[in-house]
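# Topology and contacts: notes
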Amino acid sequence: MTNTYSADQIQVLQGLEAVRKRPRMYIGSTSPRGLHHLVYEIVDNAIDEALAGYCTRIEVDLNADGSVTVTDNGRGIPTKIHPKTGTSFLEAVLTVLCFVGRSSDGYKVSGGIHGVGLAVVNALSEWLQVTVRRQEQIYSQRFEKGIAVTSLTAKPSPENPTGTSICFKPDAEIFKNGIQFDRDTFALHLRQLAYLNPGLKIILTDNRLQILGSSSPCIETYCFPGGIREYVAYLNSNVEPLHEDIIYIQGDRDGVQVEIACQWHFLNQDNSYSRLLGFANCVRNIDGGTYLNAFQLAVRRVVSAIGRQQGKLKNTDPVLMGNEVLECGFTAVIAVKLPNPEFEGPTKTRLVNPEVQEIVKSLVEKELMEYLTARREVAGAIAQQAIEARDAEAETLKARALRRKQELQKY
Ligand code: 0RA
């Protein structure tokens, strides 16, 4: 390496320094949450390859030395020289902040707290080692605190698999609360990603035998060909469903894909809550979003209409409320995929794209109505349960009002 820096290199170094100085601006926090986000960032890049149709398998290995390795069988990060930076494309992706990695083929996961870029992960790592298999070559390069400490080397590979493997150790100088990864945190997240990408195989291996107190690694594989239908079945595995089949609705318009799986179940004492999980481009929208509101309204309308059709609800009765239809034994997963997701809110997990709202509303109103109209008994049971919840709620309010009145009469 030379000791005279070009203008481009100076910019790279300044960028890395900015990330290391104010890591929270890039990854939200340096608590365990931020630490785990480093891994999600790499996994998201591999998921992008899966969404584009090139990757079928992702491995996450927690290593005994505190590092983690993410390996995928995608196309591999391109290694040719990038005209703008003068370095390999690979090095640019790993060192230039905001480097726009790929052309817009397919849907990017880049949204919310993810999508900060591999250069940020690299800058916050004590070291990072990348290996790319591409064009019958194995390329590799090593970085320390974001700076390349070797040049990109290539050697011929006898076989012809393609893919990317990134191994890194978070920098303990940055993550002052510790750099120990939690397997359960990854397990939850990776399982979710596997449901959202049906057929994709995700393997989580914990090789930290000392932490495990075991002589063999802990390996978990997530692969769900049934996608979000399997997710709802899993979420409902310990409740009694009101109807056997999981309702599945799918549609797309103007490049926006919508997929919904849901199932009502019998109420018992301890599950009178709703589980409505929304994802936009595989990112969980904890804070909801326009499309989740649209979904709730559409479901309320359909169930109310069924109630009226079957004479369970009077024509003058108002539309059933969200808490009656959706918080009484209902589980739903709704996954939307769209080209330009816009997020908002404190954790950037609320999707605000207005176009998604109308698509979800019309799709659910049409498809759910058709589904339930064709299944009179199922529809009746769903409407009945919601109406009973409404009446129980009204009884509770009435009883409380009466008690209050009686209390006041004492004085
Ligand atoms: C830029 C362009 C292409 C792929 C990738 C980046 C890529 C990044 C990561 C990170 C982890 N795994 C990855 N796999 C791929 C497109 C490649 C092409 O056009 O051949």
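For the structure, see preceding data.
First things first, this report covers the structure right here in the doc. Bear in mind that the values here come from a model prediction, so they are computed numbers and not experimental data.

Glancing now at the pattern of salt bridges. As enumerated under the stated definition, the model contains 17 salt bridges in all. Of the charged contacts in the structure, one is a salt bridge between Asp-206 and Arg-183, with a shortest N-O distance of 2.8 Å. In this pair, Asp-206 is assigned in strand E8 (residues 201-206) and Arg-183 in helix H6 (residues 183-196), connecting sequence segments 23 residues apart. Measuring nitrogen to oxygen at the nearest pair gives 3.5 Å for the salt bridge that ties Asp-317 to Arg-390. Note that Asp-317 is positioned in the loop between helix H9 (290-309) and helix H10 (322-325) and Arg-390 in helix H12 (residues 376-409), a separation of 73 residues in sequence. Judged by its relative accessible area of 21%, Arg-390 is partly exposed.

Most of E8 is tucked away: five of the six residues are buried. Bridge count for strand E1 (residues 57-62) against E8 is six bridges, and the pairing is parallel. Of the residues in E8, the one forming a bridge with Arg-57 is Lys-201. As paired strands, E8 and strand E9 (residues 218-222) are joined by five bridges and run antiparallel to one another. Following the sheet pairing, Ile-202 is matched in E9 by Tyr-222.

Of all hydrophobic cores here, the largest spans 62 residues; its most connected members are Val-39, Val-60 and Leu-190. Examining the composition of this core, we find that nine residues originate from one element, helix H3 (residues 32-51), more than from any other. With 45 residues, the next largest nonpolar core counts Val-325, Ile-334, Ile-359 and Leu-372 among its residues.

The next thing to look at is the packing of aromatic side chains. Applying the stated criterion across every chain, the model contains eight aromatic pairs. Note on Tyr-40 and Phe-186: the rings are 5.9 Å apart at their centroids and 85 degrees apart in plane angle, and the pair reads as edge-to-face. Note that Tyr-40 is positioned in helix H3 and Phe-186 in helix H6, a separation of 146 residues in sequence. For the pair Tyr-40 and Phe-186, a shared accessibility class is recorded, and that class is buried.

Let us now look at the environment of Pro-78. Mapped onto the fold, Pro-78 is located in the loop between strand E2 (68-72) and helix H4 (89-95). Along the sequence, Pro-78 and Phe-295 sit 217 residues apart, while their C-alpha atoms lie 40 Å from each other. Beyond its immediate sequence surroundings of up to four residues, Pro-78 is in contact with Phe-89, Leu-90 and Arg-134.

The rules we used
Residues numbered from 1 in each chain as written. Predicted model: local features only at pLDDT ≥ 70, side-chain atom pairs only at ≥ 80, totals over all residues. Heavy atoms only, no water. Salt bridge = Lys/Arg side-chain N within 4 Å of Asp/Glu carboxyl O. Helix = DSSP H or I, 4+ residues; strand = E, 2+ residues; numbered from the N terminus. Buried < 20%, exposed > 50% of the residue type's maximum accessible area, 1.4 Å probe, protein only. Pairing = 2+ DSSP bridges. Core = buried A, V, L, I, M, F, W, Y, C linked by side-chain atoms within 4.5 Å. Phe/Tyr/Trp six-rings, centres within 6.5 Å; stacked < 30°, edge-to-face > 60°. Contact = heavy atoms within 4.5 Å.

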